[in-house]
Amino acid sequence: HIVCSDKQLDLSMLEADVAVLLHPTKSPGLIQKKILHSNVYAYASPSYLERKGEPKDRNDLGHHNIIVYDESLENDDDLKTNWLLELGNKKHIKNRPYLAINNLHGMYRMVRSGSGIAALPEFMESLPGAMVKVMPDEKGPEFDIYVMYPEEYRNVQKVKLFKDFLVEKAKQ
C-alpha cells in the first residue's frame, strides 16, 4: 500500500519500502536517485483572481490570502517552503499567512478551490484543475526530488517497478 505523508519515515527501520523526498538524506544504506528538478512559483485559481485581483508584484501580497506550509513541520531550512511570506514589501514587513496546512497536496487543493495564493512546485501545474502562475518573475527556491530505498531492496521487483514508474513520470 501507499502512505502519503509529509513526515519523514525511517527507511532503515523499514517504516516504508520506498520514499520520495524533496532533499537527499545522509542516512547510510539507502539508494538515492534524483528523479526531478523543480522550481517553486506562486499559484492561484482563476476564481480567486476574479474575486481578489492578480498581484502585480511582491508589494501586492499583503492584500491577498497567502496559503503556507505549516512551519511546525519544516525541518529543512534549505527548502524555504514559505518564501512568499519572506518576499518583502516596500516597508519590509513580513506577509501574514491566511492559512497554514501541513501537506503540499492540501495546499494545492486549497489553491484550486479558490482560497488563496500558495508557493507550489512548478511540476504541480500539470495536475488536474486550473491554476495560474502569478508574479512569474518571482521565482522561489529550487529543489530536487529523490526516490530512495534500502540497499537490500535493490533487486526487489516491486521496488524496481515503482522506481522506474516514478522516473518515467518525472520525464513527462
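If you're wondering where the values come from, they're calculated on a predicted model, not measured in any experiment.

Asks: What is the right way to look at the confidence of the model for the protein chain in this model?
Replies: Close reading of the predicted structure is inappropriate where its pLDDT is low. Across the protein chain, the average pLDDT comes to 83, with 85% of residues at 70 or higher. Of all the helices and strands in the protein chain, helix α2 (residues 83-86) carries the lowest mean pLDDT, 82, while helix α1 (residues 46-52) carries the highest, 96.

Asks: Help me out: how do you make sense of the pattern of salt bridges in this one?
Replies: Oppositely charged side chains can pair when the atoms bearing their charge come close. Taken as a whole and assessed by the stated rule, the structure comprises 7 salt bridges. Two residues, K34 and D144, come together in a salt bridge whose shortest N-O distance is 3.6 Å. You can see K34 sitting in strand β2 (residues 30-44) and its partner D144 sitting in strand β7 (residues 142-150), a full 110 residues away along the chain. D164 is the partner of K163 in a salt bridge, and the nearest nitrogen-oxygen pair spans 3.4 Å. By sharing partners, the salt bridges in this structure join E122, E125 and K133 into a single network.

Asks: What is the right way to read the nonpolar core from this model?
Replies: One broad rule of soluble globular proteins: the nonpolar side chains tend to lie buried together. By size, the foremost hydrophobic cluster in this structure holds 27 residues, and its most contacted members are L61, L84 and I117. Listed by contribution, the elements that provide at least two residues to this core are β2, α1, β3 (66-69), α2, β5 (117-121), β7 and α4 (157-171). Broken down by element, this core gets its largest block of residues, 5 residues, from β2. Formed by 12 residues, the second largest nonpolar core is a distinct cluster that contains Y41, I101, V111 and A118.

Procedures and definitions
- Residues numbered from 1 in each chain as written.
- Predicted model: local features only at pLDDT ≥ 70, side-chain atom pairs only at ≥ 80, totals over all residues.
- Heavy atoms only, no water.
- pLDDT = per-residue confidence, 0-100.
- Helix = DSSP H or I, 4+ residues; strand = E, 2+ residues; numbered from the N terminus.
- Salt bridge = Lys/Arg side-chain N within 4 Å of Asp/Glu carboxyl O.
- Core = buried A, V, L, I, M, F, W, Y, C linked by side-chain atoms within 4.5 Å.
- Buried < 20%, exposed > 50% of the residue type's maximum accessible area, 1.4 Å probe, protein only.

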